[in-house]
Amino acid sequence: MKAILKIFVIAAMMASASALFAQQDYFSNWPAGRSPQEVGKHLAEHFVTTPHQQNPLKTINYSEVCAWYGALSYAQLTHDTELQTKLVQRFQPLLPGGTDAAWIPVRHHVDDEIYGVVPLQIGIQTKDPKYTAMGLAHADAQWNNPTADGLSDETRMWIDDMYMITILQLEAYRATGDKKYLDRDAKEMVAYLEQLQTPNGLFFHAPDVQYYWGRGDGWVAVGMTEVLRELPANHPLRARILQSYRQMMAELLVYQGKDGMWRQLIDRDDSWPETSSSAMFTYAMITGVKNGWLDGYTYGPAARKGWIAVTGYVDQNYNVTNICAGTGKQNSLQYYYDRPRNTGDFHGQAAVMWAANALLR
């Protein structure tokens, strides 16, 4: 028994050493201006001064929440208290009675409930319970009336939800330590995986829209990665999620362009290189290599290439370019080819900050 245990310990040490070597080999010595410290700082500071981006509902859009979360995480990882203060101050007008209170999303919908991520992350960092309480109100509302299967009644089987729902519940878990939020997450994720993952490991935008849209699959990649960061090794659903994550990463490796980017339509070479999805896939691979979920020798070069490629799309004003505009599902291939390419859109700003944070974590 002792001999077997010793073998397991040695194997674990070798795997850890391999992951560490891969990090040192692939995640350092960046070209000038491309380090995650520099890029993350520029984008986070830029976010502080960027106004709320308009959307038809005239409320805080989920993409702004994602960028805010990325900037707050960067401030925490780099111990940048000045930046953290600015990001918390940005939230003050959204407090009850604040001048921006009309911007607070109120629908019982995944795109609105995710707003709770911002006060939850602020509560985690500042230890101020008023922020945590605000965020938990959104996380708990998501499970006020669960389905017979124990899923959120906001479940709609769009791949976007695999990030939208899971990140809010994860932040609630991180803020409270209450495992009910983590269990909700794992169950929701597996339900989506069972219904939406195709045999090659990728995901159609929706069951009735069978195209591999880049950012849609990006939401899945980041959602699974975030969940895996928190699920303990002995969680009964962890192995199932890890299996799907690895299957997806293997297929994404096939479709990474020679330029390091992924396309607006992942499996179509004639589609344009899209930054938000490329940054999301890069984030997922960096995190996988760093945690030993992915082989460093196989995925380390792809993750490095992805980071260098994506940061090449950050312009002199620290706006990310070539970002697919917000996109609902539509059963038209041409629709996805023709989606507008935005600059400075929070969808892309967020994803590049996430990738920077993965390198710094």
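These figures come from a predicted structure and were not determined experimentally.

Caption draft 1: Structural context of the overall build of the chain. Helices and strands together make up the secondary structure of the chain, namely 15 helices and 2 strands. Against the globule reference of 21 Å for 361 residues, the chain gives a C-alpha radius of gyration of 20 Å, in line with a compact fold. Based on the C-alpha atoms only, the size of the chain along its principal axes is roughly 65 × 50 × 45 Å. Taken over 361 residues, the chain has a buried fraction of 58%.

Caption draft 2: Structural detail: the nonpolar core. Counting residues in each nonpolar core, the largest one holds 108 residues, and the members touching the most others are I241, M248, M249 and W354. Sequence-distant contacts of M248, that is, excluding residues within four places in its chain, are made with Q197, G201, L202, F203, D217, V220, A221, M224 and F281. Counting 10 residues, the second-largest nonpolar core is a separate cluster that includes W213, L265, W272 and Y335.

Caption draft 3: Here's a closer look at helix α6 (residues 117-126). Burial of α6 is extensive: 9 of the 10 residues sit out of reach of the surface. Among all positions in α6, only V117, V118, P119, L120, Q121, I122, G123, I124 and Q125 are buried. On its buried side, α6 packs onto α3 (62-77), α4 (81-91), α7 (129-141) and α8 (161-176). Phi turns positive, to about 65°, at K127, one or two residues after α6.

Caption draft 4: How the structure looks around the packing of α4 against α6. Taken N-terminus to C-terminus, the directions of α4 and α6 make an angle of 140°; their axes are 11 Å apart at the nearest point. When the interaxial angle is binned, α4 and α6 end up oblique. Considering how the two elements wind past one another, α4 and α6 form a crossing that is left-handed. Of α6, the residues touching α4 (which contributes Q84, V88 and F91) are V118, P119, I122, Q125 and T126. Classifying every residue of the contact of α4 with α6 by side-chain character gives 5 nonpolar, 3 polar and no charged.

Caption draft 5: How the structure looks around the pattern of salt bridges. Following the criterion strictly, the structure yields 17 salt bridges and no others. For K86, the salt bridge goes to E82, with nearest N and O atoms at 3.9 Å. With K86 and E82 both in helix α4 and 4 residues apart, this pair spans about one turn of that helix. One salt bridge connects R174 with E226, and the closest N-O pair in it is separated by 2.7 Å. On the criterion of sequence distance, the pair formed by R174 in helix α8 and E226 in helix α10 (residues 214-230) is long-range, its members being 52 residues apart. By relative accessible area, R174 is classed as partly exposed at 22%. A cluster of three or more residues bridged by salt bridges with shared partners is formed by K41, E45, D80, E82 and K86.

Caption draft 6: Looking closely at helix α12 (residues 275-291). Its 17 residues place the ends of α12 24 Å apart at the C-alpha level, agreeing with the 24 Å of an ideal helix rising 1.5 Å per residue. Burial within α12 is extensive, with 16 of its 17 residues counted as buried.

Caption draft 7: Structural view of the packing of aromatic side chains. Taken as a whole and assessed by the stated rule, the structure comprises 16 aromatic pairs. Ring geometry for Y62 against W219: centres 6.0 Å apart, planes inclined by 70°, an arrangement best described as edge-to-face. One end of the pair, Y62, is in helix α3; the other, W219, is in helix α10, and 157 residues separate them in sequence. Since its relative accessible area comes to 2%, W219 is described here as buried. Ring geometry for F204 versus Y212: centroids 4.7 Å apart, planes at 20°, classification stacked. Here F204 and Y212 have matching classes, each one buried. Of the aromatic side chains, those joined through ring pairs into one cluster are F47, W68, F91, Y115, Y131 and F346. Looking at R90, its charged tip hangs above the ring of W68, at a distance of 5.1 Å from the centre. When the ring centre of W30 is taken as origin, the NZ or CZ atom of R304, which lies over that ring, is 4.5 Å away.

Calculation criteria
Residues numbered from 1 in each chain as written. Predicted model: local features only at pLDDT ≥ 70, side-chain atom pairs only at ≥ 80, totals over all residues. Heavy atoms only, no water. Helix = DSSP H or I, 4+ residues; strand = E, 2+ residues; numbered from the N terminus. Rg over C-alpha atoms; globule rule 2.2 N^0.38 Å. Buried < 20%, exposed > 50% of the residue type's maximum accessible area, 1.4 Å probe, protein only. Core = buried A, V, L, I, M, F, W, Y, C linked by side-chain atoms within 4.5 Å. Contact = heavy atoms within 4.5 Å. Axes fitted to C-alpha atoms, helices over the stretch in contact; angles between N-to-C directions. Parallel < 35°, antiparallel > 145°, perpendicular 65-115°, else oblique. Left-handed = near helix turned anticlockwise from the far one by under 90°. Nonpolar A, V, L, I, M, F, W, Y, C, P; charged D, E, K, R; others polar. Salt bridge = Lys/Arg side-chain N within 4 Å of Asp/Glu carboxyl O. Expected span 1.5 Å × (residues − 1). Phe/Tyr/Trp six-rings, centres within 6.5 Å; stacked < 30°, edge-to-face > 60°. Lys NZ or Arg CZ within 6 Å of the ring centre and 35° of its normal.

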